[in-house]
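Structure at a glance
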Amino acid sequence: KGGVLKSTLSYSLTRLLALHGIKVLIVGLDIQGTVTDLTLNPIAIESLEEVTIHKGLADALLNSVPLEDIICHTALPTLDIIPETPGLGLLEKHIRDTKRREFLLKERVVERLRNDYQVIIFDNSPNWNLLIENALTAANVVISPIGCDLGSYQALSTNLSTTLDFQRDMHIKWDNVILIPTLLEKNKLSSQIYGAYLNQHPDLVTHTAIRRAVRGQEALTMRQSAPEYDPTSDLARDYYDLVKDVWTRILKAE
């Protein structure tokens, strides 16, 4: 679902893993390009001469550009990105007419880069499409933020069923499906929704929720995760605990 810190969570997880020496590649699959803007773009661009035109997945998969030529390095030596570009829309149309269309990213991207990175994270769009299906078939862990608000609560059952139905139909197996409560507020309804998530999906929902906090937006304006921006804040503690929880689940499944 949109508006539940999807790209913020992807960006924060990649930075925190990379800062701890884990070699990470984030692949942008959302045409809005939020995670690319956060990861690559400078805070202020003063002239068109400073604008960089990046290549992306469409260049690699449609025009045979080598994968190493579409990977952008960042200021963190352990963090790389395949950025979103306008070609993603064209790529999705192309995928529709491709044999084994759900496995294109797995076979032509992930399998070729698997030995270069310890973690590859796909940042997907909020709307179901063929790029999401490709990300799901390539994944061994599925992570989804779920907002602690009524709209997100009402949408979860449908969204989760759609995802698990796709898993069954494609005969794929994931080591983990992890649901992360986000935007937790200090009110009764938000707390009740968080509690309902824990009660209804005890094996999937993390016991750490990411609260709604101004510090989070401030961190993003500085192109940082919350723990980098304000290490002593409550939000930073949320992210510390969350990363430990998620990483522990991943290691246990190996």
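Above this text you will find the structure in question.
First, a word on what this report is: a plain description of the structure on this page. (Residues numbered from 1 in each chain as written. Predicted model: local features only at pLDDT ≥ 70, side-chain atom pairs only at ≥ 80, totals over all residues. Heavy atoms only, no water.)

Right, let's talk about the overall build of the chain for a bit. Secondary structure assignment for the chain yields 12 helices and 7 strands. The dimensions of the chain, computed from C-alpha atoms along their principal axes, are 55 × 50 × 30 Å. Evaluated residue by residue, the chain yields a buried proportion of 52% over its 254 residues. Within the chain, contacts between residues separated by at least 24 positions form 77% of all contacts whose residues are at least 6 apart in sequence. (Helix = DSSP H or I, 4+ residues; strand = E, 2+ residues; numbered from the N terminus. Buried < 20%, exposed > 50% of the residue type's maximum accessible area, 1.4 Å probe, protein only. Contact = heavy atoms within 4.5 Å.)

As for its placement among the helices and strands, Thr221 is situated in helix α10 (residues 214-221). Looking at Thr221, the relative accessible area reads 46%, which means it is partly exposed. For Thr221 and Leu38, which are 183 residues apart along the polypeptide, the C-alpha to C-alpha distance reads 8.4 Å.

Okay, the nonpolar core next. When a protein is soluble and globular, its nonpolar side chains tend to lie buried together. Grouped together as the largest cluster of nonpolar side chains are 31 residues, with contacts concentrated most on Val24, Ile180, Ile210 and Tyr239. Those residues in contact with Ile210 that sit more than four places away from it in its chain are Leu5, Ile180, Pro181, Thr182, Leu183, Leu184, Leu235, Asp238, Tyr239 and Leu242. (Core = buried A, V, L, I, M, F, W, Y, C linked by side-chain atoms within 4.5 Å.)

Another point: the pattern of salt bridges. For side chains bearing opposite charge, pairing can occur when the charged atoms are close. Going through the model one piece at a time under the given rule, you end up with 18 salt bridges. The partner of Glu102 in a salt bridge is Arg101, with the nearest N and O atoms 3.6 Å apart. The class of Glu102 is buried, set by a relative accessible area of 16%. Across the pair Arg168 and Asp165 runs a salt bridge, and its minimum N-O distance is 3.0 Å. (Salt bridge = Lys/Arg side-chain N within 4 Å of Asp/Glu carboxyl O.)

Burial runs high along strand β6 (residues 176-184): 9 of the 9 residues are buried. Across 2 bridges, the pairing between β6 and strand β7 (residues 210-211) is parallel. What sits directly across from Leu184, in β7, is Arg211. (Pairing = 2+ DSSP bridges.)

Turning next to unusual backbone geometry. With the exception of glycine, the majority of residues adopt a negative phi angle, and the majority of peptide bonds are in the trans configuration. Positive phi outside glycine occurs at Ser64, with the angle close to 60°. Structurally, Ser64 can be placed in the loop between α3 (57-63) and α4 (67-70). Phi angles above zero are rare outside glycine, and Arg223 is one such case at about 55°. As for its placement among the helices and strands, Arg223 is situated in the loop between α10 and α11 (226-229). Here Arg223 falls in the partly exposed class, since its relative accessible area comes to 24%.

A word on the sheet that holds β6. Taken in spatial order, the 3 strands make up an open sheet running β5-β6-β7, and their pairing is parallel. Edge strands, defined here as strands with exactly one partner in the open sheet, are β5 (141-147) and β7. Here β5 pairs with β6 via 7 bridges, running parallel. Looking at β6, one finds that Ile146 is bridged to Pro181. Packed onto the sheet, helix α9 (residues 188-200) meets β5 and β6 and runs at close to 170° relative to β6. (Axes fitted to C-alpha atoms, helices over the stretch in contact; angles between N-to-C directions.)

The geometry of helix α1 (residues 6-19) relative to helix α12 (residues 234-253) is characterised by a closest axis approach of 11 Å and an angle of 80° between their N-to-C directions. When the axes of α1 and α12 are compared, the pair comes out roughly perpendicular. Across the interface between the two elements, Thr8, Leu9, Ser12, Leu13, Leu16 and Leu17 of α1 pack against Tyr239, Leu242, Val243 and Trp247 of α12. Residues of the contact of α1 with α12, tallied by class, amount to 8 nonpolar, 2 polar and no charged. (Parallel < 35°, antiparallel > 145°, perpendicular 65-115°, else oblique. Nonpolar A, V, L, I, M, F, W, Y, C, P; charged D, E, K, R; others polar.)

If you trace the 4 strands from one edge of the open sheet to the other, you get β2-β3-β1-β4, paired in mixed fashion. Edge strands, defined here as strands with exactly one partner in the open sheet, are β2 (72-73) and β4 (119-123). Judged from the 4 bridges that link them, strand β1 (residues 24-28) and strand β3 (residues 79-82) form a sheet pairing that is parallel. Counterpart to Val24 in the pairing with β3 is Leu79. Running over the sheet, α1 touches β1, β3 and β4 and is turned about 165° from β4. Relative to the sheet, helix α6 (residues 104-113) contacts β1, β3 and β4, its axis offset from that of β4 by approximately 145°.

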